[in-house]
Each structure stands twice: as structure tokens, then as C-alpha cells.
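Structure at a glance
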Amino acid sequence: MAAESSREHAADAAHSVGRGSSADRHAEGTAQAESFQPSRGIVQVDFDDENKPSRKSSFVAEVTQQDVLAPVYGGFFSPALAPMRRRYLIILSRATLLIMALMWICLPIYWGALANSAKLTGNLEAWFIDRDGGRVGRGLAQAAQQYTAPGPQLTWQFMDGGDVGNDEAIINLVLQEQLWVAIVVQPNASTALSAARTNGDKTYDPRSAIKVYYSQARNEIATGNYIVPLTTQMLQVTTSAYATSTAQRVFAQIDSNGEPNSTALQMIANAPQTISPAISWTMVNLRPYTAPAAQAATLVGNIFLCIFSFMITMANSTARAIVSPHMAFMPYLGLRLAVPFIVYLPLSMSYALVNLAFRLPLGTKFGLGGGFMLSWVYIYLGMAALGLSIEAMITILTPRFTPFFLFLLILYNVSPVVLPDELQSPIYAYGSGFPIWNLSQALRTIMFDTNSHLGRNVAVIIAWILMSCGTISVFTWYMRRREQRRLYAYASQREKGTDDKLQKRAKGKDKTVE
């Protein structure tokens, strides 16, 4: 009878795993002792002899008389603390080694994203277009081709003005992110300069000779560190060289007969800008990065978004352990999937309202109302993509090791976002398939009207959400299955132990009768 009772209790315990037992404690490491008290299947699993008057749960530590001793106080190196000191040092040493390994796994990715940017500036598409065809255009093109300077440089492609269309076509190429920068020598620049010099035109503006088109909002770091400084440096050298040579030629003509041409000198005196600087340029920023605080939303803020997702995942893990032992698998899986989507709504709205409070230019492309709501949708989806991936991994890694995954998630998501692909090694092209890269690009489009990839961005983010939902389902089933097998194995061992005890008792009774 005792053996049959043991089988029933153990089988009941194993069956309770399918309804939601201690698998979640092993999977998440956050179970609380009181959550198991009402669970009939768990409580009746007992390591003690069933004939003893006191029956304790196998999940409750038995307190013996040896455990109730007066506490021992002493220094850290006290002999009495030797076992505890050993455990302490083992835990600390393991954590140190794991963190060191994590450093070498993650930090080189971020360091590498920045390390070679100065060497890769030649990958930034830069065009020099001569629409003048006269002395100014030819002189500048020749000077630009011969230009060299130490340090990073742009690799200029010299294009024929008739092949690339008018300035509107060039502007569209820059906005569509086909070009990073375009220098355009304007039509009739030579004629305008010569006429102004001859007539002493005081209204002549040297900056009308050249226009430079670029889009700062495409990537403010690349444009601020490389595009604008390198272009400006090259133009300063080439225009100065042209101004010097043309001034020498003009004054040589004025004094060609040994007597200065007073009329020509008077014209130059009326319009000295025709000699120095003679020609200059106008920087045309097609998409200004007008809100420095936007960098918080497009880069650093995504790290915070990931951390907020981690915090709510940990809180959900602790709260879920209270009810998980008493739920069937399918309702429990539904709870795991539904609750994150619900709690991300107020969290993402709160995050989006911070952007609104600091007056980020959310109305640039879709109007303020539409831009805010669209940014909230993308932030919500981004938070779901990041948070659900953490939610999936906590099932396998448990809360003790989930922070290691969080660090991996942040570093591998953020590293490709810092600089454009052209300034990074080809390996960082993986970023286009990660949530933060696509979220950052979508927010840039909403705030600064950059080239739109909103459809592709939302597709990648939703794909991450679906993948995480699938992994949550698989991991949850696997951990429940594994715990169920453990309890069935325990039931077999307990049944065998009970049969051995009964056999020993039967032998003892036979000896007594004899």
C-alpha cells in the first residue's frame, strides 16, 4: 500500500509540471517559497519516510539541530569561515572570469566600429561637377585633381555636367543617399567673374561660383567629422591657388605696356572681391541636423530603451513565478507573450513623450501629430523587439546570466549605428538586420525627412518580434519538458527506495517470528 501511495504522489507531482511547476524556478530563478504551498502535486513529493508523523516538502529545507547554532563571528581569514570563504572566492572568481570574457567578446566590436573610420573616408561618394566649362571650371578641376593632403581624404569623382543633369538632379541624388557630397561649379562662372572684373561690379558675389550640396541629417558624425571639413579644406586650397594665379595674370595684363591701365585698376578698386577671393563657395545643407537632442533618440536613447526593456523583463519574471506553478502550459505561454506587449504600451508612450517634451522636430515630414504617433509606433515595436529577445533568453539563462546577454544585445545593436557603413568594415553590414539600426534610421526619417526606408525598417523590427515569440514558446516548452522528466526520474527512484524499505521490514518481521 505504501508503494502504491508513493507512486500516486510522485506521478501527481510529475503531472503538475505540465500544469506549471518548478520548471519556471529553474528557468527563471525567481520562484518564491510561498508560491508552492497551495500546489498539491509539489507538496506531496517527500524524501522522508511516509510513516513518519511529520511530512515535509522536498523543496523546503529541513532545519536540523546542528543548523540552529550560535553564530560565529571572526575576521575574513578566520579558520571558522574557511568553507564560506572558499565559496565566496569561487563565486567572485567565476564572475570576474565571465566579465573578462564578455569584455573580449563585446568591446572589440564597438572599438572596431570606430577604429578605421579615418582610413575609409575614400568610400564616401563625392562628386566634382564642372558646369562652367571655362577657365574657372577647368582651373578648379585641375587643382582638385592635383590636390593632396596628409590624413584622411575624400576620393573625388570628376563628372561632366551634361551627364549628371541639372542641380535638381544632383540634389535628388544627395537626398536619396546616392552621394554624400557634390561640388558644382555653376554655369557661366568664368563669364560672370570676367564681366564683374571688367565692369567693376560691386554686387558680384564670389560665393555664387560654386555650390556644395550635402545632407547633414543622414549622419551628423560623418558630415561633421569628415564631409564638411575635408571638402572645405580642399576648396580652400584649390580656390586660393586659382585666385593667386588669376590675380597674377590680371595684373600682368594691366601692366603689359609698362604703364598701368588706370581704367582697369579703377574697376578692380570698385570690385576688389573679383581679385580676392575671386571665387568662393556656398554650403547647401539639404537636411540640417537642427536638434542636437535628437542624438539621444537616434543613438544613446536606444541603449536606454534596451535597459528599460530588461528592467520590466526582470520584474515580470519575479511576478510570474507566483502564478506559474499553478497554470497549465498554454495559458501560461499566453501570459508570457501577452503581458510584455501590454506593458510596453505605457513604457514606449512615456519614452515618446520625453522626445516631445524636448521639442524634437517630429513634425518635419508628417506633421507634429502624425510624426509623434508614428515615432511612438516605432519606439513601441523597437522596445518589443528588444524586450522579447531578453524575455526569451531569461528562460534559458536565468536571471543570474541574463545581464550578460543584455550587454551583448546592446553592443552588437549599437556598434553599427555610430557611423555609416562606408566608414566601417564590411562586417558591420549586419546592423541593417538588427532592431536599433532600423529604429534609428526610422526616427531620422521622421525627424529630418531623410531618405525613407520606413517599410524595410518596420519589416525587420517585426521579424525580430516574431522570432522572439517563437523562441519564447520553444524555450518555455523545453524547460517544462525537462523538469517533467526530472520529476518522473525522481518518482522511479523513490518507488524503488520504498520497495527496498518494505522488503527490509518484511525480512525483519520474519526474523522476529522465528
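All residue numbers refer to position in the chain's written sequence, counted from 1. Restriction of local features to residues with pLDDT of at least 70 applies here, the model being predicted, together with a cutoff of 80 or more for giving and counting side-chain atom pairs; totals for whole chains, interfaces and linings are based on all residues. The basis for the side-chain values is all heavy atoms of the structure; hydrogens and waters are excluded.

1. A closer look at the environment of L173
Labels follow the DSSP assignment, with helices taken as runs of H or I lasting at least four residues and strands as runs of E lasting at least two, numbered in each case from the N terminus. Within the secondary structure, L173 is located in helix 7 (residues 167–175). Residue L173 is classed as partly exposed on the basis of its relative accessible area, which comes to 24%. Distance in space between the C-alpha atoms of L173 and Y213 is 10.0 Å, their sequence separation being 40 residues. Relative accessibility under 20% of the residue-type maximum defines a buried residue, over 50% an exposed one, and the middle range a partly exposed one, all with a 1.4 Å probe and only protein chains included.

2. Points about the confidence of the model for the protein
Looking at the protein as a whole, the pLDDT averages 84, with 82% of positions reaching at least 70. This stretch, residues 1–11, has a pLDDT under 50; its non-local contacts, to residues over four places away or in other chains, come to 17 contacts. pLDDT: the predictor's confidence for each residue, scored from 0 to 100. When checking whether two residues touch, look at their non-hydrogen atoms; a contact exists if any pair is within 4.5 Å. Here residues 13–68 is a poorly scored stretch, pLDDT under 50, and it has 117 contacts once near neighbours within four places are set aside; other chains count.

3. Quick look at the packing of helix 9 (residues 220–254) against helix 10 (residues 262–270)
Across the interface, helix 9 lies against helix 10 with an axial gap of 9 Å and an inter-helix angle of 145 degrees. The segment helix 9 lies against helix 10, with V250, F251 and I254 engaging A264, L265 and I268. Lys, Arg, Asp and Glu make up the charged group, whereas Ala, Val, Leu, Ile, Met, Phe, Trp, Tyr, Cys and Pro make up the nonpolar group; the residues left over, Gly among them, are polar. Grouping the constituent residues of the contact of helix 9 with helix 10 by class yields six nonpolar, no polar and no charged. Only the stretch in contact is used when a helix axis is fitted, and all axes are lines through C-alpha atoms; the angle between N-to-C directions ranges over 0 to 180 degrees.

4. Notes on the packing of aromatic side chains
The description of an aromatic ring pair uses the distance of the two centres, along with the angle that the planes make with each other. Side-chain rings of Phe, Tyr and Trp, where Trp is taken by its six-membered ring, are said to pair if the distance between their centres is within 6.5 Å; with planes under 30 degrees apart they count as stacked, over 60 as edge-to-face, and otherwise as tilted. Enumeration over the complete set of coordinates arrives at ten aromatic pairs. A centroid spacing of 5.6 Å and a plane angle of 75 degrees characterise the contact between F76 and Y88, whose relative ring orientation is edge-to-face. Linking F76 in the loop between helix 3 (40–43) and helix 4 (82–115) with Y88 in helix 4, this pair joins segments that are twelve residues apart in sequence. The class of F76 is partly exposed, set by a relative accessible area of 38%. Judged by centre distance (6.2 Å) and plane angle (75 degrees), the rings of Y110 and W111 are edge-to-face. Of the residues examined, W111 reaches a relative accessible area of 55% and is grouped as exposed. Taken together, Y412, Y428, Y430, F434 and W464 form an aromatic cluster joined through their ring pairs. For R218, the ring lying beneath its charged end belongs to W180, and the centroid distance is 3.8 Å. Charge-over-ring placement is defined geometrically: NZ (Lys) or CZ (Arg) within 6 Å of the ring centre, and within 35 degrees of the ring normal.

5. A closer look at the pattern of salt bridges
Salt bridge criterion: a side-chain nitrogen from Lys or Arg within 4 Å of a carboxyl oxygen from Asp or Glu. Counting across every chain of the model gives nine salt bridges. With a closest N to O distance of 3.7 Å, R486 and E483 form a salt bridge. Of this pair, R486 and E483 both sit in helix 15 (residues 454–513), three residues apart, which is roughly one turn of the helix. Accessibility expressed as a relative area gives 42% for R486, which makes it partly exposed.

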